[in-house]
Amino acid sequence: MAADAAAKAIREHDANARIGLISDEARPPYERPPLSKALWKGDKSPDSIDLGTTKSGATLHLGRTAVTLDRGAHCVTDERDDTYRYARLLFATGATPRRLPFDGERVIHFRTLDDYLALRRLAPAGARIAVVGGGFIGSELAASLASIGCKVTMLFPGEAIGAGRYPRVLAHFLNDYYRQRGVELQVGVKVVDGRANADGVELALSDGTTQSFDIVVAGLGVTPNTTLAESAGLKVDNGIIVDDRLRSSDPDIYAAGDVANFHNAALDTRLRVEHENAAIGMGHHAGRVMAGTDEAYTTLPFFYSDLFDLGYEAVGLLDDRLEVVEQWTTPYREGVVYYLDNGRVRGVLLWNTWGQVEAARELIAERGLHDAERVRGRLPSVT
């Protein structure tokens, strides 16, 4: 998605630019959020999520992997030994899912459209599915799979869904909420081993038990794809380090999306954000700068999720180790959660509260001391 946004932005600013896109996926760029949300609800079809990158005039080199980068020669080489010369280069290499200690056809480390299609084929109503992970992707997939009639078990090492991100009571509310909708939760356990065959998957758990499922889906987080950048000598630290123009340590090389580590002025810290808004916004900004526009990237990205009939948007840092201020219109159904540190708002969770992302960004950027009394009631803002 970052590459697509960059290609379109370059074309908007330079009608004569020659644009090439190298991707190890065989498919053109597509929307990723529907893979765990809208495709399961029937709101979209796989064909409808294509982003139409070819409209930018970019040449797509699909099913190719860039394996070497010669910065001096401004040249990239792929696994077939084909070469690509560039004036400016964008890393939009995304991230790779963390993996279970075993593999198999019925073990899906969920990330791509092909993963969605494989899971959809293997997951008819009534299928017994283990979702490993209680974070962002795991909670979305568990809700989507249960909604189409699968028998879902979530397994994760924490004590509750979204533990560490949501306030503790809200996270435990989600445990009950998921159980009420037919999802079995096994908390405080890890998958230590497993065995997959054509008929199913057997999991060995950290509590010494074994369990059998038709399919196992892993949502264990991701690792940024920085191998090529590192081998080329770019500065890398939890992603490719970029400046406020999204330039790497090489002035002709940029990075955007999941792989980019950037400084955010509102939080005065470096971030690496693995969400759609960051991918599109950073990709578009990098494309503009690559095409000659000189402006800083100052956006604090937001993210969102759907959990059965609950949903949220969020901005900044969601970390329950910060001072957490809860403001509920209806407890755990609608409200706002503020995350404070040293008198500053560091994050805002808009739980079933919509249209407040910009107001939340402004609150996070606001100087001066904030405490529970001062922030409670600030959102939603009325315009």
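Residues numbered from 1 in each chain as written. Predicted model: local features only at pLDDT ≥ 70, side-chain atom pairs only at ≥ 80, totals over all residues. Heavy atoms only, no water.

The subject of this paragraph is the sheet that holds strand β22 (residues 310-316). Within the open sheet, the five strands sit side by side as β21-β22-β25-β24-β23. Their pairing is antiparallel. Looking along the sheet, the strands with just one partner apiece sit at the ends: β21 (302-307) and β23 (323-330). Recorded for the sheet is a direction-independent mean angle of 15 degrees between the axes of neighbouring strands. Looking at chain direction, strand β24 (residues 334-341) and strand β25 (residues 344-351) are connected through seven bridges and run antiparallel. (Pairing = 2+ DSSP bridges. Helix = DSSP H or I, 4+ residues; strand = E, 2+ residues; numbered from the N terminus. Axes fitted to C-alpha atoms, helices over the stretch in contact; angles between N-to-C directions.)

On to the pairing of β25, then. Here β25 lies mainly inside the structure; eight of its eight residues are buried. By the bridge criterion, five bridges tie β22 to β25 in an arrangement that is antiparallel. The residue bridging Val 315 from the neighbouring strand is Val 348, located in β25. The hairpin turn running from β24 into β25, its antiparallel successor, is two residues long, and Asn 342 in that turn takes a positive phi close to 50 degrees. (Buried < 20%, exposed > 50% of the residue type's maximum accessible area, 1.4 Å probe, protein only.)

A few words now on the sheet that holds strand β19 (residues 260-264). One open sheet holds the three strands; their spatial order is β17-β19-β20, and the pairing between them is mixed. Whereas interior strands pair on both sides, the edge strands pair on one side only; in this sheet they are β17 (240-241) and β20 (269-271). Relative to β19, β17 runs parallel, the two sharing two bridges. Within β19, the position partnered with Ile 240 by the bridge is Ala 260.

This brings us to the pairing of strand β3 (residues 66-70). By the bridge criterion, four bridges tie β3 to strand β4 (residues 75-78) in an arrangement that is antiparallel. Following the sheet pairing, Ala 66 is matched in β4 by Asp 78. Counted between consecutive antiparallel strands, the loop separating β3 from β4 contains four residues, among which His 74 sits at a positive phi close to 55 degrees.

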